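The primary structure of each chain is shown beneath.
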Protein chains: 2
Amino acid sequence: MADTRIDVIGIGSTVYDMLMVVNRFPQEDTKQRGLETRIQGGGPCATALVAASRLGLTTAYMGTVGDDSFGQYMLDDLNRWGVDTSHMRVEHGAVSYHSAVLLNQETGTRTCVWNPGTVHPPEPEQLDERALRACRALHLDGHMLDAAIHAAEICHEAGIPVCLDAGGVYPGIERLLPLVSLLIPSEEFALRFTGEATAENAALCLMQRYHPQVIVITQGSRGGLILDEHGLRRYASFPVRVLDSNGCGDTFHGAFLAGFLGGMQADDACAYASAAAAIKCTRLGARQGMPCDGECRAFLAERGLLLNPASSSRKSSMEDEAEGARR
Amino acid sequence: MADTRIDVIGIGSTVYDMLMVVNRFPQEDTKQRGLETRIQGGGPCATALVAASRLGLTTAYMGTVGDDSFGQYMLDDLNRWGVDTSHMRVEHGAVSYHSAVLLNQETGTRTCVWNPGTVHPPEPEQLDERALRACRALHLDGHMLDAAIHAAEICHEAGIPVCLDAGGVYPGIERLLPLVSLLIPSEEFALRFTGEATAENAALCLMQRYHPQVIVITQGSRGGLILDEHGLRRYASFPVRVLDSNGCGDTFHGAFLAGFLGGMQADDACAYASAAAAIKCTRLGARQGMPCDGECRAFLAERGLLLNPASSSRKSSMEDEAEGARR
């Protein structure tokens, strides 16, 4: 009988993306035929939950969508990828967060028009405190900030790790940072937020100010930095032929959590997460391209990287394969 | 008890439009916040059916959509506006025709990326011949052409008027033209298709070649030309403050059919259709802004234009008002 406890609860951004592939960027006031359209769920938090779910964790999203067709799509999509939506709010009459993206096939540029809609984040008192106290980690991305802070206070107090994908310097984010134990900012965030000139100094500055358990500063294809009680060191990324980088960062965050909750130390969790992100990059689709645990381990093993045997995610790769066959 | 006979059957374009209002046209490779998003049904044929339905006719759409969220939206939207969708095909696994439109609020420009999807028009043998033989008019827009030609042959043979909104010079359209009795091309189509230098000559050329009962060449805000057994003359448009011209042309076509089936002669039908289009222009939304019969008659009466008393659409304006109150 499966454990009904939720491993990771996420509060943050979920977005309906309509991505149209074009062979050139359109001129204003013209009509142009698009080559292909992909509707997909996006948003850092929701997508990281999908990655974690794909890697064997039980996950739940605790944000809000509107009761429009965008919201319905996002709800269905999260369910499809195994993310529990029973704690999700569907707001009557609200327009969900959505975007249209023009992907230029020739140049690879992405031009995005986004609209936050009229949807409200959950009020702090609407969050299911019992579910939060029972989870193994809380994942945040800086969106729906008041709800995120309230949930982080509950988890922090209960000794449950709070993980933050810090991508944008949103107003008020400094209120959240003291509650975060796994702080994973982009290099851009770390430099902008601290005003430091190097990622190393930014990591030291963030540690001194907020005392998280681990800081991982992500630098995209250059890998990144780890700072924890064992000091400051780098982790590597894996060079791959990139087919679609969409969702790679979110895959890293979801996979880091899967590794961490599977008992990995920060270095192993970063290697595991880098492998997951690299595999995702070689495949089309933010969510379709996400690997399972067995694929990440095989990817690392092929490169002579064996994770600490104590490190294991919740499902074995055999279970993954069985699940893959059922899809 | 209402007549179950369908007044107008339409075969042609139906489109899912995602319209995003922006305060400037985006630069390539940037992210920009949109001001407002409107999802709406489009496509000349489907939108003309909505206009005719709003003016009191019973209408049915006989084209195809995919079973994706775009197709579901279009089906629901046609139902919402009173267009019978029981003859519509929903193709399993197909992507519906869709578009994204960026409307520049400052300049009024519309930049459209469209995608025909993978949906197939109905095969000629899939059309409900019995329904076609029982309708009072067939409305076409040049899309789904093989099905349209097959339906036009059935209606032509049965003496049922075939109306064509000729907007684009699509390959094969010349096969349809001999079957058309109410030919309503845009001026652009008429000039391009005939190679003539003036709309007058184009009208004469089209009449000589295809012998429709009436030709109406539309010239937008300049009104247009009528050519029938009574000769060539102009009809006027009504100057109004344009708020949203989207759907005005389709409203003209739907209203012309409503007038024609209500017993109006071509001149009255054009006045009635011009009034409907003008009212639509003063209101937001391609379909939301469409007037009812009473509004068109009041608009004309205010301008001292009384239609031939023999001309009456199927519903009185009192009925329209009663219906309006129910919405």
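See the structure above.
Residues numbered from 1 in each chain as written. Chains lettered and ligands numbered in written order. Predicted model: local features only at pLDDT ≥ 70, side-chain atom pairs only at ≥ 80, totals over all residues. Heavy atoms only, no water.

Undergrad: How should the pattern of salt bridges be read in this particular structure?
TA: Between side chains of opposite charge, a pair can form when the charged atoms approach closely. Residue and element names in this part refer to chain A. Counted by the stated rule, this structure contains 27 salt bridges over all chains. Across the pair Glu-36 and Arg-38 runs a salt bridge, and its minimum N-O distance is 3.3 Å. The exposure class assigned to Glu-36 is partly exposed, which follows from its relative accessible area of 38%. On the accessibility criterion, Arg-38 (19% relative accessible area) is buried. Measuring nitrogen to oxygen at the nearest pair gives 2.7 Å for the salt bridge that ties Asp-77 to Arg-287. Note that Asp-77 is positioned in helix 2 (residues 69–80) and Arg-287 in the loop between helix 9 (266–281) and helix 10 (293–302), a separation of 210 residues in sequence. (Salt bridge = Lys/Arg side-chain N within 4 Å of Asp/Glu carboxyl O. Buried < 20%, exposed > 50% of the residue type's maximum accessible area, 1.4 Å probe, protein only. Helix = DSSP H or I, 4+ residues; strand = E, 2+ residues; numbered from the N terminus.)

Undergrad: Could you clarify how one ought to interpret the relation of the copies chain B and chain A in this entry?
TA: Between the two copies of this chain, the relationship is a rotation about some axis together with a displacement along it. Rotating chain B by 179 degrees and moving it 0.0 Å along the rotation axis overlays it on chain A with an RMSD of 0.0 Å. With respect to symmetry, the two chain copies, as superposed, fit the operation of a two-fold axis. (Least-squares fit on C-alpha atoms with pLDDT ≥ 70 in both.)

Undergrad: Help me out: how do you make sense of unusual backbone geometry in this one?
TA: Leaving glycine out, the prevailing phi sign among residues is negative, and the prevailing peptide bond configuration is trans. Residues and elements named next belong to chain A. Even without being a glycine, His-211 presents a positive backbone phi close to 55 degrees. Tracing the backbone shows His-211 in the loop between helix 7 (199–210) and strand 14 (214–218). Take His-211: its relative accessible area is 60%, and that puts it in the exposed class.

Undergrad: Can you help me understand the state of the cysteines in this one?
TA: Think of a disulfide as a covalent bridge from one cysteine sulfur atom to another cysteine sulfur atom. All names here are of chain A. The full count for this structure, using the stated rule, is 2 disulfides over all chains. In this model, Cys-248 is linked to Cys-281 through a disulfide, with the two sulfur atoms separated by 2.4 Å. Residue Cys-248 is found in helix 8 (residues 248–261), and its partner Cys-281 is found in helix 9; the two are separated by 33 residues along the sequence. The same class applies to Cys-248 as to Cys-281, namely buried. Left unpaired, Cys-292 is separated from the closest cysteine sulfur, that of Cys-296, by 7.1 Å. (Disulfide = S-S within 2.5 Å.)

That's the geometry; what it means functionally is another story.
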